[in-house]
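A structural walkthrough
Listed below are the residues making up each chain.
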Amino acid sequence: MSYSHLPPDVQFAIRDQFERPDAPVQTARSAVRELLGMDVKITVVWSDFFEPRDDSDYDLVLAILTARGVQTFLDVLREILNSEFGAEWTDTLLKRADLNPRSRKAHLYISIRQGFENKEPSVWWNTATRSLWVKLPKGTMPSPIEMQSLFKIQLLDCFEEPPAPLDGCSNLSITTAEDNSTATTQHQSFDVLPDISDLPRPDNLLLKPPYHLVVYGGGNTVVEVQCSHGPSLQLLAQYLKRWCKVNHQDARHPPAVNVQLHISSFSVGLTYDRLTLSVQGPHSSFQVSPMIVLSFVEGVLGYKSVSVDGTSWTFRRDIELRNLPREET
């Protein structure tokens, strides 16, 4: 869409970031076009991103961040097209879009919009327009690594029908021990390794028990939690951030302890497998202890202690945990 109504310096930034032949967006688009065998048309709905205001500096930054988001999406799309499972996904894409790569008129259309309430980027297949729609978050843009994970899992799932909602479940639903033991029994007879093509993605595999969690905390400045169940780490991080004191000795008034989630290197989506708690600044009077973490792991998450070795604590949970969607009001 046209952006001629925007200030001249913002128009220049958009041309520089999106239309220049050697711009990162154009380089990424060319790579997708080469793999797909047809042209890729990108439409940015600029009216979603730029509202009437006097802050041209903010608009310049927004143009750069938008370009970075589009480039990241195209890089992920290229990664899927070039992957081992990309052939099947590409065939589905061509069928849904009713495209023939041999036709000179064939184009893949991608619409870039801004999600006014979205805190994370989202992707879906628009059946009516036969195009990919991408919504970038309003305000703070996630890091490229976070966006890559979110884009990848949503692209892989964009052609699937949404699952039916679960009935009769509470906020944190726990399967019965009998159900879990039955599932375990079904796998006890296995004496051969499964075929790799039959295995679920790490994102889905790690949501199934048993869950393993280890806490490391030998000093006063760093505590590290490693866990195979990402939602357990996310809930722990949210709780610690909510109740962390403020360091008033620092003029910026940051939290007394930096609570940081780390993305797993072995996942398609945004899966966390590590949480670190570290004291802010070398001269801080605050210290960090693993005690609150240990209480939360056993008292709230229901993990059972397996072993204790000096400065490390190992836990395990054999019953499944589920996060259910919030009820609409």
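Keep in mind the model is a prediction, meaning the values are calculated, not measured.

**As for helix α10 (residues 291-299)**
Working note: α-helix, 3.6 residues per turn, so residues spaced by three or four point in the same direction. What α10 keeps buried is the set V293, L294, F296 and V297. One side of α10 carries all its buried residues, which in axial view fall inside an arc of 165°. If you follow the buried residues of α10, they end up packed against β6 (211-216), β7 (222-227), α9 (230-243), β9 (272-279) and β11 (312-317).

**Considering the confidence of the model for the protein chain**
A residue-level look at the protein chain finds 82% of positions with pLDDT of 70 or above and a mean pLDDT of 83. Here strand β5 (residues 172-174) stands out as the element of the protein chain with the lowest mean pLDDT, 43, in contrast to β6, whose mean of 97 is the highest. When the criterion is pLDDT under 50, residues 166-179 qualifies, and its contacts beyond four places in sequence or with other chains add up to 20 contacts. Contacts of residues 181-185 to residues separated by more than four positions or lying in other chains number 0 contacts, the stretch itself having pLDDT below 50.

**What to know about the packing of aromatic side chains**
The geometry of an aromatic ring pair comes down to the distance between the two centres and the angle between the two planes. A complete count under the given rule lists 7 aromatic pairs for this structure. With a centroid separation of 5.5 Å and 45° between ring planes, the pair formed by W89 and F159 is classed as tilted. Of this pair, W89 sits in helix α5 (residues 86-97) while F159 sits in the loop between α6 (144-157) and β5, placing them 70 residues apart in sequence. With respect to class, W89 is no different from F159; both count as buried.

**Points about the sheet that holds β6**
Strand order across the open sheet formed by 6 strands is β8-β9-β7-β6-β11-β10, with antiparallel pairing between neighbours. If you trace the sheet from one side to the other, it starts and ends with β8 (257-263) and β10 (304-309), each paired once. Looking at each pair of strands side by side, their axes are set apart by 15° on average, direction ignored. Bridge count for β7 against β9 is 5 bridges, and the pairing is antiparallel. In the sheet register, V222 faces β9, and the bridge partner there is S278. Each of β7, β8 and β9 is contacted by α9, which is oriented at about 25° to β9, the strand it contacts most.

**Let's talk about a nonpolar patch on the surface**
The grouping of Y239, W243 and I292 at the surface amounts to a nonpolar patch, some 340 Å² of accessible area in total. Positionally, I292 belongs in helix α10. Judged by relative accessible area, which is 43%, I292 ranks as partly exposed.

**As for the sheet that holds strand β2 (residues 107-115)**
With mixed pairing, 4 strands are arranged side by side in an open sheet as β1-β2-β4-β3. Only two strands of the sheet have a single neighbouring strand rather than two, namely β1 (39-44) and β3 (122-126). Pairwise comparison of adjacent strand axes, ignoring direction, gives a mean angle of 25° for this sheet. In this sheet, β2 lies alongside β1 in parallel orientation, the contact comprising 6 bridges. The residue bridging V40 from the neighbouring strand is L108, located in β2.

Calculation criteria
Residues numbered from 1 in each chain as written. Predicted model: local features only at pLDDT ≥ 70, side-chain atom pairs only at ≥ 80, totals over all residues. Heavy atoms only, no water. Buried < 20%, exposed > 50% of the residue type's maximum accessible area, 1.4 Å probe, protein only. Helix = DSSP H or I, 4+ residues; strand = E, 2+ residues; numbered from the N terminus. Arc of directions from axis to C-beta. Contact = heavy atoms within 4.5 Å. pLDDT = per-residue confidence, 0-100. Phe/Tyr/Trp six-rings, centres within 6.5 Å; stacked < 30°, edge-to-face > 60°. Pairing = 2+ DSSP bridges. Axes fitted to C-alpha atoms, helices over the stretch in contact; angles between N-to-C directions. Patch = residues over 30% accessible without salt bridge, like charges linked within 9 Å, V, L, I, M, F, W, Y side chains within 5 Å. Areas by Shrake-Rupley, 256 points an atom, 1.4 Å probe, with all protein chains shown as cover. Salt bridge = Lys/Arg side-chain N within 4 Å of Asp/Glu carboxyl O.

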